[in-house]
Amino acid sequence: MANKTQEIGGIHFPFPFTPYSIQKDFMAKLYQVLEAGKIGIFESPTGTGKSLSLICGALSWLRDFEQKKCQEEARLLEAGTAPLNDGKNQPPFVSYSCQGTPGTLRPAAEPDWVTQFVQKKKERDLVEQLKKEQIRRKKREERLQQLRHNTQFKYAAKRERQEEEETECLLRLSRDTLAAGSEAELLEGLAPGEEELVLSEYESEEEKGAASGLDEDENEDDLEEEHITKIYYCSRTHSQLAQFVHEVQKSPFGKDTRLVTLGSRQNLCINEDVKHLGFVQLINDRCMELQRSRHESKSRAEDKESKKRRQEPRAACPFYKYRQLQLLRDEVLLEVMDIEQLVMLGKEAGACPYYGSRFAIPAAQLVVLPYQMLLHTATRQAAGIQLQGQVVIIDEAHNLIDTITGIHSTEVSGSQLCQAHSQLLQYMERYRKRLKAKNLMYIKQILYLLEKFVTTLGGNIKQNPNTQSLSQTGTELKTINDFLFQSQIDNINLFKVRRYCEKSMVSRKLFGFTERYGAVLATPHEQPRLAGFQHFLQSLQPGLTEDPTPPVQVGTARAPRPASPLMHIEGFLAALTTANQDGRVILSRQGSLSQSSLKFLLLNPAVPFAQVVKECRAVVIAGGTMQPVSDFREQLLACAGVEAERLVEFSCGHVIPPDNILPLVICRGPSNQQLEFTYLRRELPHVMDETGRILCNLCNVVPGGVICFFPSYEYQHQVHAHWDKSGLLARLSIRKKIFQEPKRADQVERVLTEYSRCIECHGQAGGTVTGALLLSVVGGKMSEGINFSDNLGRCVVMVGMPYPNIKSPELQEKMAYLDQTLPRSPGQAPPGKALVENLCMKAVNQSIGRAIRHQKDFASIVLLDQRYTRPSVLAKLPAWIRDRIEVKATFGPAFAALRKFHHNKSSLS
């Protein structure tokens, strides 16, 4: 594919082929936003080449920015060769160039020579800094060139790694031999390996910081470099990120761009002993523990306790070695690769891909990462991401507000609270004599918090939550302060408790303890009255039994246990301590305590997003369907402090010809019944019958696949059952084979495969069956991220308007919050009511955008509900659909238009 450089407005945009006009407009506007340091909302429908436009537009700007910076550096370096003070032999004196009247005192200000000296010194410091940066940059380029052209360098590093591994193996054998004779010296009957379950002495003021993972004598060529100006690109899923990376590889920038793909430890870890833990929090904790053990102070050997026995040496991660990490870091920068390729490279180099990619961030030009890593402050800091003066592009951002809210919201069930309390109580009893006073104090505080949380829900911590029925049911919503007072925990310093949990890793120790002794809350089918816990607690009392429950043998086959419930509680505590007045706690009391829950809800997503906007040079929010944009403008950006003049909106049309799409609003059905699928009307038999008759008519004239979206799974199943009884399902089956969207995610692929095969087979064979009908759900698996291109989706039908549940306490609180905080425009609906309509239309836009996927595609879009004719609703449709939509008051003209459209298109294709 030949590269074709496009010149737009004097700017050169390399592109793999001749771009569409809308792609040229997109790149030009994107360049302007990045250059001016603005916030952009970009909408480009799927099938218009949005990813390539983002890549070529943004990297063209970065190319020009780096060139300008190099030119400016050269100018400063050239000017900086002048001496600091040309008149250094002259005595310092006060300049009287701005003399007042004789005898008057000069204002208290710096003398001119001091000001000049300070200015000159700043310039000299800047020059020195630029020289250091140039040296660093030159070293990096030399390393990359050496890697690129000298494969012997790689092999030498690998040989060195193998030699290190052999040496480490010999040392380990020696240590094991020495330790073999000291097993009898273990104190207090601790089993081998149980020592690591005991909490270390905790000092609340201790600030060890994150371990760098490097020996001090290896810091001469530090892995960390200065952060250059770069672009952070984030999307929702790893598959979307991998697709973006592949687009970069195919683009004109694929060979020269230093790109780094980031992921969690769960995705990147190659240490099987850590990875088999399975859960993100456990993997994170274990990894940090391995790094910490490498740098623990040797003063512990002098501790009185350690004198009584020879401690087993604590393991360090074999994939965290300086030379290998340095090599991996440079190889990551050498070639554009996705996350799977990064893991393979890490295994080959024997170096950790998580830390290797992290150390490559400063020198990278383009960093690709998932939403959560960028939008969550703690995760961002842990990954070593610095946003100051950088560019952020958030793709697939139609659900950005919900994503930020979801990342910062958390929920714990009554069952988890009781499990955590029981496990922690057993842990404390088992190791009471070995725990220091501060550890015991914090553990008792955590136990107290758990007890009060359960009491607030109306339960008893000492009873089985599965069998506890609550006298009071329903949902209650509290501010943070009200919740703390009601729970009687306002006298506890939650910040210190949270810090203790983070630093001591108590949840990981507790998980190891429960893994060893199986202290997990039994289900009601197994032990209805907590007999197992009582027996275990009794076993911990001296004299009652010789040994606790036997440890689980390593290697025993069993189903993986869930993560420690205390980890979920830690997340809840973190939410309580990081929120301000924009947070709420929802107390959901169901039939039993185990089903009840405490949920933290973030009402204002602009609070965490404001830091991103404030630090970054420019932020671009992009998506295929961004309408209605008022949510982004008012709820997110305005509340995050973005001024109106800094905000730029760009929306382009579709690449398809205008006559390749037929969007219709149909107000009445074949029997002239009004179509209005309100919650009260939609379950009426005649309404469901009318919907079936409409689909029967459509299936007679639409070839290939028809996708019909319903507001919910329950309504979809209800309609399907009604059609089955009335015979409408049999009538539909004459023309289309019928499929239903499954609720389970693991069944989606199978249904889609069968649906596709059916359309392909019947399209070739002919006969009465002309394709398939897929009954789907708005917001379900089929409404987002799946392409129904060409014959897979010749018609998309939307049954009703999928409004969210207005009775939801969370939605009601959000509406009330927006009504209080956002200004109400004259003649406009209240912000809370507008939110409900916006949520509905976002879901509609995502669903109806499934059909048109490329320039030669064609499809009809049918909206079945007369409420779609409202001007406020039509205004929230994507422009490329809104400009072509036709409102049909009766079914006859609508059916005629559909028949003509599909007849003409089918004959042409």
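Criteria and cut-off values
Here the residue numbers are simple positions, counted from 1 along each chain's written sequence. Per-residue local features of the predicted model are confined to residues with pLDDT of at least 70, and side-chain atom pairs are confined, for both listing and counting, to 80 or more; whole-chain, interface and lining totals are unaffected and use all residues. The side-chain values count all of the structure's non-hydrogen atoms but skip hydrogen atoms and water molecules. Secondary structure follows DSSP: runs of H or I at least 4 residues long count as helices, runs of E at least 2 residues long count as strands, and numbering of each begins at the N terminus. Relative accessibility decides the category of a residue: with a 1.4 Å probe and only protein chains considered, values under 20% of the type maximum give buried, values over 50% give exposed, and everything between is partly exposed. To be clear on the numbers: accessible area is Shrake-Rupley with a 1.4 Å probe, and residue cover counts the displayed protein chains and nothing else. The pairing criterion for strands is at least two bridges between them, as found by DSSP. To obtain an axis, a line is fitted to C-alpha atoms, over the contacting stretch when the element is a helix, and the angle between two such axes runs from 0 to 180 degrees between their N-to-C directions. Two residues qualify as a contact provided that any one of their heavy atoms is within 4.5 Å of a heavy atom in the partner residue. Note on angle classes: values under 35 degrees are labelled roughly parallel, values over 145 roughly antiparallel, values of 65 to 115 roughly perpendicular, and the remainder oblique. Definitions for this section: a left-handed crossing has its near helix turned counterclockwise from the far helix by less than a right angle. A right-handed crossing has that turn clockwise. Only rings of Phe, Tyr and Trp enter the pairing, Trp through its six-membered ring, and a pair is recorded when the two centres are within 6.5 Å. The plane angle decides the type: under 30 degrees is stacked, over 60 is edge-to-face, the rest tilted. We count a charge as sitting over a ring when the NZ of a lysine or the CZ of an arginine lies within 6 Å of the ring centre and within 35 degrees of the ring normal. Three residue categories are used. Nonpolar comprises Ala, Val, Leu, Ile, Met, Phe, Trp, Tyr, Cys and Pro, charged comprises Asp, Glu, Lys and Arg, and polar comprises the others, including Gly. Think of a 1 Å grid over the protein atoms and nothing else: a 1.4 Å probe that fits but is trapped marks a cavity, an open set flanked by protein within 12 Å on at least five of seven lines marks a pocket, and residues with an atom within 4 Å of a point count as lining. Grid points are joined across faces, edges and corners, and a volume is the space filled by probe spheres set on the points. As used in this structure description, the phrase polar contact means that two N or O atoms lie within 3.5 Å; if the pair is within protein, one of them must be able to donate a hydrogen and the other to accept it, and residues adjacent in sequence are counted only when both atoms belong to side chains. For the purposes of this section, nonpolar cores are sets of buried Ala, Val, Leu, Ile, Met, Phe, Trp, Tyr and Cys residues that join through side-chain atoms within 4.5 Å. We count a salt bridge whenever a side-chain nitrogen from Lys or Arg sits within 4 Å of a carboxyl oxygen from Asp or Glu. Expected span of a helix: the number of residues minus one, times 1.5 Å.

Participant: Even after reading the chapter, I still don't get the overall build of the protein, so can you show me in this structure?
Facilitator: Secondary structure summary: the protein contains 33 helices and 20 strands in total. Counting the 909 residues in the protein, one finds 49% classified as buried. Split by element, the accessible area of the protein, about 44100 Å² in all, is 50% carbon and sulfur.

Participant: Would you mind going over the sheet that holds strand β8 (residues 410-413) with me for this structure?
Facilitator: The strands that make up a sheet are held in pairs by hydrogen bonds between backbone atoms, and each pair lies either parallel or antiparallel. One open sheet accounts for four strands, arranged β8-β11-β10-β9; its pairing is antiparallel. The open sheet terminates on both sides in strands that have one partner only, identified here as β8 and β9 (474-479). Between one strand axis and the next, the sheet turns through 20° on average, direction left out of account. The strands touched by helix α16 (residues 414-431) within the sheet are β8 and β11 (597-602), with β8 carrying the most contacts at an inclination of about 70°.

Participant: I'm lost on the packing of helix α24 (residues 630-638) against helix α30 (residues 831-848) in this one. Help?
Facilitator: In helix packing, the relevant descriptors are the interaxial angle and the interaxial distance, both defined with respect to the helix axes. Interhelical geometry of α24 versus α30 gives an angle of 130° and a closest axis separation of 11 Å. Between α24 and α30, the angle falls in the class oblique. The chirality of how α24 crosses α30 is left-handed. Side by side, α24 and α30 meet where Ser 630, Asp 631, Phe 632 and Gln 635 of the first sit next to Leu 835, Asn 838 and Lys 842 of the second.

Participant: Explain the packing of aromatic side chains here, please?
Facilitator: For any pair of aromatic rings, the description rests on two quantities: the centre-to-centre distance and the angle between the ring planes. Applying the stated criterion to the full structure yields 22 aromatic pairs. Measuring from ring centre to ring centre gives 5.7 Å for Phe 26 and Phe 650, while their planes differ by 90°; the resulting arrangement is edge-to-face. Of this pair, Phe 26 sits in helix α1 (residues 21-36) while Phe 650 is found in strand β13 (residues 647-651), placing the two residues 624 residues apart along the sequence. Taken as a pair, Phe 26 and Phe 650 share a single burial class, namely buried. Consider the rings of Phe 453 and Phe 483, whose centres lie 5.7 Å apart with planes at 25°: the pair is stacked. Of the two residues, Phe 453 is situated in helix α17 (residues 437-457) and Phe 483 in helix α18 (residues 480-486); the sequence distance between them amounts to 30 residues. Phe 483 matches Phe 453 in its accessibility class, with the two residues each being buried. By way of ring pairs, the aromatic residues Tyr 320, Tyr 354, Tyr 355 and Phe 359 are connected into one cluster. Taking NZ or CZ as reference, Arg 682 lies 4.9 Å from the ring centre of Tyr 715, over its face.

Participant: Please explain the packing of α16 against helix α20 (residues 506-517) as it appears in this structure.
Facilitator: Contact geometry for α16 and α20: axes closest at 10 Å, N-to-C directions at 85°. Considered as vectors, α16 and α20 are oriented roughly perpendicular to each other. Every residue of α20 that contacts α16 at Ala 420, Gln 423, Leu 424, Gln 426, Tyr 427, Arg 430 and Tyr 431 is listed here: Val 506, Lys 509, Leu 510, Phe 513, Thr 514 and Tyr 517. Here the contact of α16 with α20 is composed, by residue class, of eight nonpolar, three polar and two charged.

Participant: Where do I start with the side chain of Ser 413 in this structure?
Facilitator: Considering the arrangement of structural elements, one finds Ser 413 in strand β8. Since its relative accessible area comes to 19%, Ser 413 is described here as buried. Beyond its immediate sequence surroundings of up to four residues, Ser 413 is in contact with Ser 594, Ser 596 and Ser 597.

Participant: Would you explain empty space enclosed by the protein in this entry?
Facilitator: Sizing a probe to match a water molecule and rolling it over the atoms shows the empty space that remains. Applying the stated criterion across every chain, the model contains six cavities of 30 Å³ or more. There is about 110 Å³ of room inside the largest cavity. Lining the largest cavity are 13 residues; nearest its centre among them are Cys 269, Asn 271, Cys 287, Cys 317 and Cys 352. Broken down by element, the lining of the largest cavity gets its largest block of residues, four residues, from helix α8 (residues 280-295). Looking at side-chain class alone, the lining of the largest cavity contains ten nonpolar, two polar and one charged residues.

Participant: What am I meant to see in the sheet that holds strand β7 (residues 391-394) here?
Facilitator: Read across the sheet, seven strands follow the order β5-β6-β4-β7-β12-β3-β13 without closing on themselves; strand pairing throughout is parallel. Looking at which strands have only one partner, the edges of the open sheet turn out to be β5 (259-261) and β13. Taken over all neighbouring pairs, the strand axes of this sheet differ in orientation by 15° on average, direction set aside. Two strands pair when backbone bridges link them, and strand β4 (residues 231-235) and strand β6 (residues 366-370) are joined in this way by five bridges, in the parallel orientation. Bridge pairing in β6 links Tyr 233 to Val 368.

Participant: How do you make sense of the side chain of Thr 514 when you look at a structure like this?
Facilitator: For Thr 514, the position within the fold is in helix α20. Within the structure, Thr 514 has its side chain in polar contact with the backbone oxygen of Phe 511 (distance 2.9 Å).

Participant: Before we go on, may I ask you to explain the nonpolar core in this structure?
Facilitator: Ranked by size, the top nonpolar core spans 66 residues in total, and within it Tyr 232, Leu 369, Ile 385, Ile 394, Leu 400, Phe 609 and Ile 621 carry the most contacts. At five residues, the largest contribution of residues to this core is made by helix α11 (residues 339-349). Discounting residues that sit within four places of it in the chain, Leu 369 has contacts with Tyr 232, Tyr 233, Cys 234, Ser 235, Leu 241, Leu 262, Leu 374 and Ile 385. Ranked by size, the runner-up nonpolar core spans 49 residues in total, among them Ala 420, Tyr 427, Tyr 431 and Phe 483.

Participant: Would you mind going over the pattern of salt bridges with me for this structure?
Facilitator: Oppositely charged side chains can pair when the atoms bearing their charge come close. Scanning the entire structure with this criterion turns up 20 salt bridges. The salt bridge involving Lys 478 is made with Glu 476; its shortest N-O contact spans 3.0 Å. For Lys 478, a relative accessible area of 19% corresponds to the buried category. Between Arg 498 and Glu 502 there is a salt bridge; the shortest N-O distance is 3.2 Å.

Participant: Explanation requested: helix α22 (residues 565-578) in the structure shown.
Facilitator: For an α-helix, 3.6 residues make a turn, and residues three or four places apart therefore share a direction. For α22, built from 14 residues, the straight-helix expectation of 20 Å at 1.5 Å per residue is met to within 8% by its first-to-last C-alpha distance of 21 Å. Burial analysis of α22 places eleven of its 14 residues in the buried class, the great majority of the element. Looking only at α22, the buried set comprises Pro 565, Leu 566, Met 567, Ile 569, Glu 570, Phe 572, Leu 573, Ala 574, Ala 575, Leu 576 and Thr 577.

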